[in-house]
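# Summary of the model geometry
Here is how the chains run, residue by residue.
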Amino acid sequence: MNQAESAMPKQLALVTAITTVVLIAIGNVVSATGSGMGCGDDWPDCHGAWIPQFYNHTVVIEFGHRVVAALVSVMTLALLVIVIRRRSRELVGPAVAPTVAAAVLLVA
């Protein structure tokens, strides 16, 4: 394994953590602005469309939160796959993969 391959999981973990903090901040904006129903009762679409018409700020805020949440989910699953594939190598300890898997299940 070359140096770039060994750094990739660490970089992905850092980007995932930062994006998760952004998601939490956007969640606070959703709560503070009352935008939780910006997409109506529809999920996973928004007012019956996968990409809604952005006619007011509540739709923009709620849909943005959903997009960032989907991005965090994809990055977390990618990180889980990488950790599981490499758990026997010196890059991560053998206890990390089950811990990450448990965290993913807890969040989901």
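Higher on the page you've got the structure.
Residues numbered from 1 in each chain as written. Predicted model: local features only at pLDDT ≥ 70, side-chain atom pairs only at ≥ 80, totals over all residues. Heavy atoms only, no water.

### With respect to the environment of Gly34
Basically, it comes down to this: Starting at the N terminus, helices and strands are each numbered in turn, a helix being any DSSP run of H or I of at least four residues and a strand any DSSP run of E of at least two. Residue burial is assigned from relative accessible area. The probe radius is 1.4 Å, only protein chains are included, and a residue is buried under 20% of its type maximum, exposed over 50%, and partly exposed in between.
By secondary structure assignment, the location of Gly34 is in the loop between helix 1 (3–33) and helix 2 (57–86). Using a relative accessible area of 55% as the deciding quantity, one classes Gly34 as exposed. Remark: the alpha-carbon pair of Gly34 and Glu62, spanning 28 residues in sequence, is separated by 9.4 Å.

### Describing a nonpolar patch on the surface
To be explicit about the condition: For patch detection, residues must exceed 30% relative accessible area and be free of salt bridges, and they are connected within 9 Å for like charges or within 5 Å for nonpolar side chains (Val, Leu, Ile, Met, Phe, Trp, Tyr). Note on areas: Shrake-Rupley, 1.4 Å probe, and residue coverage restricted to the protein chains presented here. Any Lys or Arg side-chain nitrogen found within 4 Å of a carboxyl oxygen on Asp or Glu counts as a salt bridge.
Nonpolar side chains collect at one region of the surface, where Trp50, Ile51, Phe54 and Val60 lie side by side and expose about 490 Å² of accessible area between them. Checked against the element boundaries, Val60 lands in helix 2. Val60 gets classed as partly exposed once you look at its relative accessible area, which sits at 44%.

### A look at the state of the cysteines
To keep things clear, this is the line we draw: Note on terminology: disulfide denotes any pair of cysteine sulfur atoms within 2.5 Å.
All chains considered together, the criterion is met by one disulfide. Here Cys39 pairs with Cys46 through a disulfide, and the sulfurs are 2.0 Å apart. When the S-S torsion is -85°, as for the bridge of Cys39 with Cys46, the disulfide is left-handed. Judged by its relative accessible area of 0%, Cys39 is buried.

### Quick notes on the side chain of Thr58
Our working definition: Identification of polar contacts relies on pairs of N or O atoms within 3.5 Å, with a donor-acceptor requirement for protein atoms, meaning one able to donate a hydrogen and the other able to accept it, and with residues adjacent in sequence counted only if both atoms are side-chain atoms. The contact criterion used throughout is that any non-hydrogen atoms of two residues lie within 4.5 Å.
Turning to its location among the elements, Thr58 is positioned in helix 2. On the basis of relative accessible area, Thr58 is assigned to the buried category, the value being 17%. At 2.6 Å, the side chain of Thr58 forms a polar contact with the side chain of Asn56. Not counting residues up to four positions away in its chain, the partners in contact with Thr58 are Ser35 and Gly38.

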